[in-house]
Amino acid sequence: MYMLIGNRHFLDSGSLRYGTYVSRVDSHIKIAVIGDSWAAGQKLDSALSAALKKHGLSAEVVSYGHPGGKSRDVLEDLTDKTRSLPFLEDKDIDFFIVFAGVNDSKGHDGPDFYKHHMDALISLIDSYGAVPVIIDIPEYAIELDKPPSIQHAAKRMASKVLFDSGVNDNRNEYRKALRELLSSGKQFI
């Protein structure tokens, strides 16, 4: 279910099926890496396992990435049973490392859009007893990103004006929105 605001579709977090919190932390650590293209292709799995092993921790890492996906898409991927992502149902997963926001920023969907979906992602993961680990929007060459077509350029320009105050380099505003969310004092489920 979506709430339509401008040319953006907000996922209605009231329609999500939350889990019942059960602590999962035990001697076996399992980590799910989810998100946009930064999480795709299992490219972080072995590097993360190796880094943890250097510190004496043994961990199994599983991942799923949605190339081009926005925070809303990552949320939908986790909750849509037809996409065959059993991560939330996997009681062995202790931590979810979430990479999301680059495509929200590139598309100029607005910090409120990003914050809304990150809030829902964090609450959802937390409700299943896993620990969400949120990776902030990284430095990337936003100034070099060019829309693939005139239609995309027009949409991006309109979104930039409507949702990002006309600012091209919006990364700090999105990071600020995430920090506000995380420091809001909200007790996640």
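The structure displayed is predicted, hence computed values, not measured ones.

Scoring rules and cut-offs
- Residues numbered from 1 in each chain as written.
- Predicted model: local features only at pLDDT ≥ 70, side-chain atom pairs only at ≥ 80, totals over all residues.
- Heavy atoms only, no water.
- 1 Å grid on protein atoms, 1.4 Å probe; cavity = no way out; pocket = protein on both sides within 12 Å on 5 of 7 lines; lining within 4 Å.
- Points joined across faces, edges and corners; volume = space filled by probe spheres on them.
- Helix = DSSP H or I, 4+ residues; strand = E, 2+ residues; numbered from the N terminus.
- Buried < 20%, exposed > 50% of the residue type's maximum accessible area, 1.4 Å probe, protein only.
- Pairing = 2+ DSSP bridges.
- Contact = heavy atoms within 4.5 Å.
- Core = buried A, V, L, I, M, F, W, Y, C linked by side-chain atoms within 4.5 Å.
- Axes fitted to C-alpha atoms, helices over the stretch in contact; angles between N-to-C directions.

A. Highlighting the layout of surface pockets. Size it by volume and the largest pocket reaches roughly 250 Å³. What lines the largest pocket is simply Gly68, Lys70, Asp73, Asn103, Lys106, Gly107, Asp109, Pro148, His152, Lys155, Arg156 and Ser159. Elements with a contribution of two residues or more to the lining of the largest pocket: helix 3 (102–106) and helix 5 (150–163). Here the element with the most residues in the lining of the largest pocket is helix 5; it accounts for four residues.

B. Up close: the pairing of strand 3 (residues 29–35). Within strand 3, seven of the seven residues are buried, which leaves the element mostly enclosed by the surrounding structure. Residue alternation in strand 3 divides its side chains into two sets, Ile29, Ile31, Val33 and Gly35 and Lys30, Ala32 and Ile34, and both sets are buried. Bridge analysis of strand 3 against strand 4 (residues 59–65) gives seven bridges, and the strand direction is parallel. The partner of isoleucine 31 across the bridge, within strand 4, is valine 61. Direction of pairing for strand 3 relative to strand 5 (residues 95–99): parallel, over a ladder of five bridges. Residue pairing in the sheet places valine 33 in a bridge with isoleucine 97 of strand 5.

C. Just the environment of isoleucine 137, in detail. Its location among the elements puts isoleucine 137 in the loop between strand 6 (131–135) and helix 5. Along the sequence, isoleucine 137 and tyrosine 174 sit 37 residues apart, while their C-alpha atoms lie 7.6 Å from each other. The residues touching isoleucine 137, leaving out its near neighbours within four places in the chain, are Ala100, Gly101, Val102, Ser105, Tyr114, Arg171, Tyr174 and Arg175.

D. Broad picture of the nonpolar core. By size, the foremost hydrophobic cluster in this structure holds 30 residues, and its most contacted members are Ile34, Leu78, Phe87, Phe96, Val98, Met118 and Leu121. Secondary-structure elements contributing two or more residues to this core are strand 3, helix 2 (71–79), strand 5, helix 4 (111–127) and helix 6 (171–182). Take this core: its biggest share by element is seven residues, from helix 4. The residues contacting valine 98, other than those within four sequence positions of it, are Ile34, Met118, Leu121, Ile125, Val133, Ile134 and Ile135. Formed by eight residues, the second largest nonpolar core is a distinct cluster that contains Ile29, Ile31, Val61 and Ile97.

E. Focus on the sheet that holds strand 5. With parallel pairing, the four strands of this open sheet are ordered in space as 4-3-5-6. Looking at the sheet topology across the chains shown, the edges are occupied by strand 4 and strand 6. Averaged over all adjacent pairs, the angle separating strand axes in this sheet is 20°, with direction ignored. Inspection of the sheet shows strand 5 paired to strand 6 by five bridges, in the parallel sense. Directly across from isoleucine 97, in strand 6, lies its bridge partner valine 133. Lying over the sheet, helix 1 (residues 45–54) contacts strand 3, strand 4 and strand 5, oriented at roughly 155° with respect to strand 4. Contacts from helix 4 reach strand 3, strand 5 and strand 6, with the element oriented near 150° to strand 6.

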